[in-house]
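# Structural characterization, general
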Amino acid sequence: MNTKHVWILDEGSQGHLVQSRGLIRELAKALPLDVSEVPVRCVIPGRLGRSTVKRLLRLLPEKWLFRCLHPAMKLPLTTPDLVVSSGPHSLAALSFLSRHYGCPSVFVQGTLHVPEGMVTVIMRPFEGSRREDYIFIPLLFTEITPKVADEAKAAYLAEGRARAEGPVNALFIGNSSAKIRFAPEDWNGIARFVNEVWKKEGTQWLITTSYRTGRELEDQLRRQIEPDAILEAVWYSQAPRKVTKAFLGMADRVFVTIDSLTMLTEAVASGRPTCALCPADLTEERSNTHLQYALDLATQGFISRIAPARAGELPELPAGPLAIDYSGSIRELINRLQWDA
C-alpha cells in the first residue's frame, strides 16, 4: 500500500514522546510509514495556557491564530495522513491540526481525561470505562524492547563503564506526584531496602533519579545509601545523563518507584523482572487511574510490589519476560482509520 505520512507532536516531555514513538513502531510493523516529529511549543505555558489555547482554537479555528500561539513550530512540507501525540500540552494542537488537514488523530494516554469528539482515537490501557473512541492496549507504548536494552548494555560496556562481578539491580527513582504521595519514612525505607539487599546478597545497584526527584531528595538518598552498594549512580539534578536503556540492559532485576508510569512500563518492556516500590499507606483505590494501571500490571503478572517502609522480605519477582502483544490493538486502529494493510 502507499506510504502513510505520520506526524508525531512532541510537547517536550520525553516520557510522552516515547509513547508516541512506541505506537509508531508497532504500526510500522503492519504498513509503511513516513514519520516526522514536530516540536510543539506554545507562547502561553502551563495549565492555564492549555485551557486558554483550547478555548481560543475552539472559538476561532484558524491557522493564523494557531501560528500566533505556536510561532516557533515548523510544520513538515508533507500533508499528514495521521497526527499522533501523547501528553496534555500537545492535545489542543493535535485536535486543531487533525481538523485543519482533514486527517485522523490518535492520542496515546494512560490517565488524562479527553473530551469525546476532540480526537479520532484514544489508545490507552483499560481503566474500567469504555467509549467509542477508545482502543485498549495491554501496556503503555514505549521505545524499550528486550533487544533495545541488550544493545544499550553492549554499547555502555564498550565505553569502559563499571562491570559488576555478579547480578545487578537497577533502581529508578521519581518523586511524589498528585496521585502518588511518598512520606519521609517511605524514602528512608527505600534507602534502607537498597542497603539491606546489598548486604544480604552482595548485589550492587545502578541508581538513577529523574527530573522530578529534586536535589533535596537526592541529597537525602546519597547520605543514606551505602557508597559500596552502588555500582554507578546518576543524580539527575547535578549531572543528568540518559542511562535508562543501558541500566535496564545491565540489570538482572529492576525496581521503580510507583509514581512513574513511564519508568514502570519501560522496565516491564525491557523483559527484566520488575518490582514497584510503593508508599506504606498506598490504598488500592480504583478511582485513582494511575494506581489502577499499576495494580493491573501486578494482576497480569508483569510486576510485583513492595512497600519498603514496612516490608521486611523481598517479594517474588516475575520469573521472566512476558509477551506484550499489541497486534490486536493495531489491527483495530487500522480498521478505525479505514486503512488497508
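For clarity, every value in this text was computed on a predicted model and none was experimentally measured.

## A word on the pairing of strand β7 (residues 168–172)
Each regular strand carries side chains that alternate between the two faces of the sheet. In terms of residue burial, β7 counts as a mostly covered element, since five of its five residues are buried. Burial of β7 is two-sided: the residues Val168, Ala170 and Phe172 facing one way and the residues Asn169 and Leu171 facing the other way are all buried. Of the strand pairs in this sheet, β7 and strand β8 (residues 204–208) are connected by five bridges, and their pairing is parallel. Its bridge partner being in β8, Leu171 is matched across the sheet by Ile207. Regarding topology, helix α6 (residues 184–201) serves as the crossover connection from β7 to the parallel β8, and that connection is right-handed. Sheet analysis places β7 next to strand β10 (residues 253–257), joined by four bridges and oriented parallel. Residue pairing for β10: Ala170 is matched across the bridge by Val254.

## Points about the packing of aromatic side chains
Scanning all chains against the criterion turns up nine aromatic pairs. Seen from their ring centres, Phe141 and Tyr326 are 4.7 Å apart, and the 25° between their planes marks the pair as stacked. Linking Phe141 in the loop between β6 (134–136) and α5 (146–158) with Tyr326 in the loop between β12 (304–306) and α11 (327–337), this pair joins segments that are 185 residues apart in sequence. By the burial criterion, Phe141 is buried, and Tyr326 matches it. An angle of 65° between the planes, with centres 5.5 Å apart, marks the rings of Phe193 and Phe255 as edge-to-face. Taken together, the residues span a long stretch of sequence, with Phe193 in helix α6 and Phe255 in strand β10 at a distance of 62 residues. Given the relative accessible area of 8%, Phe193 is considered buried. What makes Phe255 buried here is its relative accessible area of 0%. Every member of this aromatic cluster is reached through a ring pair, and the members are Phe126, Tyr134 and Phe136.

About the thresholds
- Residues numbered from 1 in each chain as written.
- Predicted model: local features only at pLDDT ≥ 70, side-chain atom pairs only at ≥ 80, totals over all residues.
- Heavy atoms only, no water.
- Buried < 20%, exposed > 50% of the residue type's maximum accessible area, 1.4 Å probe, protein only.
- Helix = DSSP H or I, 4+ residues; strand = E, 2+ residues; numbered from the N terminus.
- Pairing = 2+ DSSP bridges.
- Right-handed = clockwise from strand over helix to strand, strands pointing away.
- Phe/Tyr/Trp six-rings, centres within 6.5 Å; stacked < 30°, edge-to-face > 60°.

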